[in-house]
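Descriptive structure summary
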Amino acid sequence: MLSALFRRLAPMAIFLVPFASASAPSLTLEQLTPLLPKGSQVALWVSDAQQNQPQISEQADALLPPASTQKLLTGLAARLYLPSTFRFSTRLVQTGDDIALIFNGDPSLTRKDIRQLLSQLPRRGLDTINNLYLDGHAFAGRTRAPGWPWDILAVCYSAPSTAITLNHNCVQGAIYSQPDSTLTRVHVPDHQPVSVENQARAVSEDEQANRHCGLDLTATPQNTYYFSGCLPHRERPLPLNFAVQTPSTYVKAIVADELARLNVRVKGDIRVARAPSQSRELARHQSAPLTSLLTTMLRDSDNLIADNLLKALGRRYFQQPGSYRNGVAAVKAILQEAGIDLSQAVLVDGSGLSRNNRLSARQLAQVMHYITTHPALGMVKMLPTAGVDGTLKYRQSIRHAPIKGRLKAKSGSLYGSFNLAGFLEDDSGNQHIVVQLVSHYHPEEDAQPENVPSPITQFEREFYMALIRGQLLPTRAPSH
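A brief look at the structure comes next. (Residues numbered from 1 in each chain as written. Predicted model: local features only at pLDDT ≥ 70, side-chain atom pairs only at ≥ 80, totals over all residues. Heavy atoms only, no water.)

Here's the deal with the sheet that holds strand 4 (residues 98-102)
Going by this rule: By the convention used here, strands pair only if DSSP detects at least 2 bridges between them. Under the DSSP-based scheme used, a helix requires at least four consecutive residues in state H or I and a strand at least two consecutive residues in state E, with every element numbered from the N terminus. Note on definitions: angles span 0 to 180 degrees between N-to-C directions of axes, and those axes are lines fitted to C-alpha atoms, for helices only across the stretch in contact. Any two residues whose heavy atoms approach within 4.5 Å are treated as being in contact.
If you walk across this open sheet you meet the 5 strands as 15-6-4-3-16, and the pairing is mixed. Looking at which strands have only one partner, the edges of the open sheet turn out to be strand 15 (270-272) and strand 16 (280-286). Shown here is a sheet whose adjacent strand axes are inclined to one another by a mean of 20 degrees, direction ignored. Here 3 bridges tie strand 6 (residues 132-135) to strand 15, and the two strands are oriented parallel to one another. For Tyr 133, the partnering residue across the bridge sits in strand 15 and is Arg 271. Sheet contacts for helix 4 (residues 111-118): strand 3 (89-95), strand 4, strand 6 and strand 16; angle to strand 16, the most-contacted strand, approximately 155 degrees. Strand contacts of helix 7 (residues 247-261): strand 4, strand 6 and strand 15, with the helix running at about 145 degrees to strand 6, the strand carrying the most contacts.

Now the structure itself:
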């Protein structure tokens, strides 16, 4: 039925606003939503970019999982509240015979940066020290927000948000499953202080299907990873990205190794604790500026940058160690001061990774309206462009003309959710705010014909083409 409907709609040039083309057939949402599987929920908002008066409004006040479109809120709050000179800093300080590394949650800090900081010790004649403190008191509370799916906690995009952060709290590796063996082999570089135990078997694709078997990964707080299940034979290794489970333990091991390389002896201990208050700074490493961090966060949908920025906001706004709780409170307060009411929104993190988050299309449209009417913030150019860069470069529904290059938006996806929020230019050169929240999306995979685009791809393609061509009939927003 879906494929038949798609063939019926495909010849129609599709899309946008209250000014439908007189020469092309018009469409309604009632004609488009059947492209999605039965049970799907769709919330839509289309408005003029300057006035933000709705031209299309469908379930605009329904509170649905925003997924990574929530990064727009985090980014806007950071841009409004943090100074343009803001950078995360990591400091090497001395108190008597003790040394401390003071971390502030820099999501871009690398092992090379730590090595450069510690190299100041022998340069200053500090070949022997008493204790070395790893100070992460800038953040407090949970390292993962409520509602993060438990089954993805071992992969990098759900790495914990911590003040003591290094190498994006992520370790790369690979798993091999050669065609001539039933054994798999996991490789992690020797310089990474994690351990792996592997019991996964290499099987054929038919055997995998018959056994209902997949590759399973679990992890412990000691940064030990366990592979089980099975993996189909592969000619090339499968890349792996492990989320460091306890960053302080990971960083402690790396610091010990770097000190040994520098021939710096520690008489006491390397301690994960708050450093003594009286100290003098020996060296400092700073992250890229805020605009660079936000661009990476929005274009690549970087969760760690988003969550560490959220905690940095909470720390500065409330003058206490940053946490998910005070970070969310800070974002709501900052955006309220900008005229964006999020009192009914449910926010628990800065990245949108939690399934507990809830936002409406209208609320996201308010955020987009503020961004476009305050060009000095520079946030429009930070967004991915359809078919060009970031998370929209390869999105099948929008990567080709006429949508390519004309949609700048933040995407977001979680289990059953496919979202976009951004700006679209139509054939008349008019700019529109567009918000799409598709939830409860669960297609029947076995019923999907081969070489036919997925339902969400069909829906998005037709929706945005119709908007560009001025063929989607407007709806009247409910009165308030």
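Some points on the nonpolar core
For the record, the criterion: In this description, a nonpolar core means a group of buried Ala, Val, Leu, Ile, Met, Phe, Trp, Tyr and Cys residues linked to one another through side-chain atoms lying within 4.5 Å. Buried means the residue's accessible area, taken with a 1.4 Å probe over protein chains only, is under 20% of the maximum for its type, while exposed means over 50%, and partly exposed covers the values in between.
Counting residues in hydrophobic clusters, the biggest one holds 58 residues, and the most contacted among them are Leu 72, Leu 73, Leu 76, Leu 309 and Val 435. For this core, the secondary-structure elements that each account for two or more residues are strand 1 (41-48), helix 3 (71-81), helix 8 (290-300), helix 9 (303-318), helix 10 (324-337), helix 11 (361-373), strand 18 (417-425) and strand 19 (431-439). Ranked by residue count, the leading element in this core is helix 11, at 7 residues. Here Leu 73 is in contact with Val 331, Leu 335, Leu 342, Leu 347, Leu 359, Leu 364 and Val 367, once residues within four sequence places are set aside. Residues Leu 92, Leu 101, Phe 227 and Ala 283 belong to the second largest nonpolar core, which totals 36 residues.

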